Amino acid sequence: MKTIELEKENLLTKTNTMSGAQALVQALIDENVNLIFGYPGGAIMPVYDALYDVEDQLNHILTRHEQGAIHAAQGYARATGKVGVCMATSGPGATNLITGIADAQIDSTPLVCITGQVHSHLLGTDAFQETDVIGISMPVTKWNYQVTRAEEIPEAIAKAFYIARSGRPGPVLIDITKDAQFEKLKYSYQPFKGMRSYQTKNNLNQDQLRNAADLINSAEKPMVLFGQGVILSEAEKEFKTFIEKAGIPAAWTIMGLSALESDHFLNVGMLGMHGNYAPNKMTNECDVLIAVGMRFDDRVTGDLSRYAKQAKVVHLEIDPAEIDKNVKADVAVLGDAKESLSALTELLQENEHLSWLQEFRKLEHEEHETVISEELRPSVEALSMGEVLHEINKNTKGEAIVVTDVGQHQMVACRYAKFKRSKSMITSGGLGTMGFCLPAAIGAKMGQPDKEVIAVIGDGGFQMTIQELGTIFQKKTAVKIVVLNNEFLGMVRQWQELFFDKRYASTTMANPDFQSIVKGYGIAAKKVTKREDLESAVSEMTNHKGAYFLEVKVGKENNVFPMVPTGASVSEIRLK
């Protein structure tokens, strides 16, 4: 008892002598962290004991699974622009973080993940709950490090936060042995300033800027593709000034969604496999293609051998590894998007491309007549996912944060949700992680408590992390949950219908009574099966003060169109 009391006293003493666990907690406080997500266990227990003394400064959210913890940290980071923090014990606790770490790596989400580890003298002995988390996580982290001495902790944490948030953001993992958590040190904390071997951004090349400006100024059919780089660099204002001065139509990746308000006159919609008809078709019609903070992934490009071959390509990107990786750039501007866009805009001539923009409008009309009008006002009895999103838009007026899982509902939400502000769409883009949405929505709501957060989930993804309803129940988190229930793994089923002769192998879902489960967690719930009940149910949900669960039965075999089939050119996008 005396030892515990002495350690508590040491945290406040002038000598700053404390345990490694206390040093870790104090370092998080010194980094202005006030919220972390995690799950305790044997190898991280000293840190949890230290957290007990600082509950008024550092709020720990107990999730129901370590994967829930890291997805919640991702949602927090994406909604706030801050570094998300999560914590787990060794062995299975650490390995349960790996999916979320991989998700954060490919989507450039800044995270600091802290794992406990067995005593240092047991490393490599296959001790109870020992795994080589450093080796396992190395391919999916921006940086990782194992701490075996308490004196390493302050610098390791400072370095972790610096690397996670700087340059192209990403996840960092710090693994701390249990003896290092008990060991004493004299605490001193200095924010990390950088190192020669790690360059966060490049100085802008003036020649490349001039070359880019020359191409854009002389273009007759220019087109902009923008991704999450605009959001990560907080370049939304600079981006809007750039496209407005040059009068260039701008299309977005799902990770770039909400960087430009939905109703902006130059916003021409979503790129990619289930994107809008016009931007996909016009990619192979434009004469200059300007990519800003996006990486030309396969879901955007389709068949690379037939992608934008007629166009000169200008690529604005912070990560040199992305330049020429998939699409060869005629001009590459390496640097932070905020700085690059500001410098490039100064060199541009004011312009309008009204006849070119009108070509987009014609294709938009064609898509609306063939796809959108039926999706938003179906002529069949079964409800569509699109009309659910339409009702959500009417109630939120573009002010809500929408979080999605992965599948058909994700594509529908990205296509139809409307936004007025940046950082309003949170989804798993590059990895496509089912189970992401519910915990990510919790993190987003805790990071932005004054904003409405709506989780849009399929019945399959919901059941992957359904246990996080317990986190909502315990913390009274006012997340609004919309499950679009078609009793199928819908996206896989759609592919089976179109490309596998309707052989629905292992995609039918026999679902439980979601209403009973949710009500068991003390969450208000309603189920809609008829169109005439939808409007009032969505209104009731958005007006409800606490957490709310809305289940909507939608058409079992509805498909998401437009669609670029796998291996096809973006020009071959199908409307039906």
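What counts, and at which threshold
Residues numbered from 1 in each chain as written. Predicted model: local features only at pLDDT ≥ 70, side-chain atom pairs only at ≥ 80, totals over all residues. Heavy atoms only, no water. Domains from an automatic or database assignment. Contact = heavy atoms within 4.5 Å. Buried area = accessible area lost by both parts, 1.4 Å probe. Salt bridge = Lys/Arg side-chain N within 4 Å of Asp/Glu carboxyl O. Polar contact = N/O pair within 3.5 Å; in protein donor to acceptor, adjacent residues only side chain to side chain. Nonpolar A, V, L, I, M, F, W, Y, C, P; charged D, E, K, R; others polar. 1 Å grid on protein atoms, 1.4 Å probe; cavity = no way out; pocket = protein on both sides within 12 Å on 5 of 7 lines; lining within 4 Å. Points joined across faces, edges and corners; volume = space filled by probe spheres on them. Helix = DSSP H or I, 4+ residues; strand = E, 2+ residues; numbered from the N terminus. Buried < 20%, exposed > 50% of the residue type's maximum accessible area, 1.4 Å probe, protein only.

## Some words on the domain arrangement of the protein
Inference 1: In terms of domains, the protein is made up of domain 1 (2-186), domain 2 (206-359) and domain 3 (383-553).
Inference 2: Summarising the inter-unit geometry, the C-alpha centres of domain 2 and domain 3 are found 31 Å apart.
Inference 3: In this complex, domain 2 contributes 17 residues to the contact, which on the side of domain 3 involves 19 residues.
Inference 4: In total, domain 2 and domain 3 occlude about 1,400 Å² of area from one another, counting both sides; carbon and sulfur atoms represent 61% of this.
Inference 5: Of all residues in domain 2, Ile254, Ser258 and His274 bury the most surface against domain 3, accounting for 38% of the area lost on that side.
Inference 6: Taken together, the connections running from domain 2 to domain 3 amount to 0 salt bridges.
Inference 7: Where domain 2 packs against domain 3, one counts 6 residue pairs in polar contact (both at pLDDT 80 or more).
Inference 8: Class assignment for the residues of the side of domain 2 that touches domain 3 results in 8 nonpolar, 5 polar and 4 charged.

## A closer look at the layout of surface pockets
Inference 1: Taken as a whole, the second largest pocket holds about 520 Å³ of empty space.
Inference 2: In terms of lining, the second largest pocket is formed by 23 residues, of which the most central are Ser262, Gly269, Asn276, Arg415 and Lys418.
Inference 3: Elements with a minimum of two residues in the lining of the second largest pocket: β11 (267-270), α16 (354-376), α17 (385-396) and α18 (408-416).
Inference 4: Broken down by element, the residue count for the lining of the second largest pocket peaks at 6 residues, all from α16.
Inference 5: Among the residues forming the lining of the second largest pocket, the class breakdown is 9 nonpolar, 8 polar and 6 charged.
Inference 6: Residues lining the lining of the second largest pocket come from more than one domain, with at least three contributed by each of domain 2 (206-359) and domain 3 (383-553).

## Description of the pattern of salt bridges
Inference 1: Under the counting rule described, the total for this entry stands at 24 salt bridges.
Inference 2: The partner of Arg306 in a salt bridge is Asp303, and the shortest N-O contact between them spans 2.8 Å.
Inference 3: Taking the shortest distance from any N to any O, the salt bridge between Arg493 and Glu497 comes out at 2.7 Å. Of this pair, Arg493 and Glu497 are both found in helix α22 (residues 490-499), 4 residues apart, which corresponds to roughly one turn of the helix.
Inference 4: Residue classification places Arg493 among the buried positions, given a relative accessible area of 0%.
Inference 5: Of the residues examined, Glu497 reaches a relative accessible area of 21% and is grouped as partly exposed.

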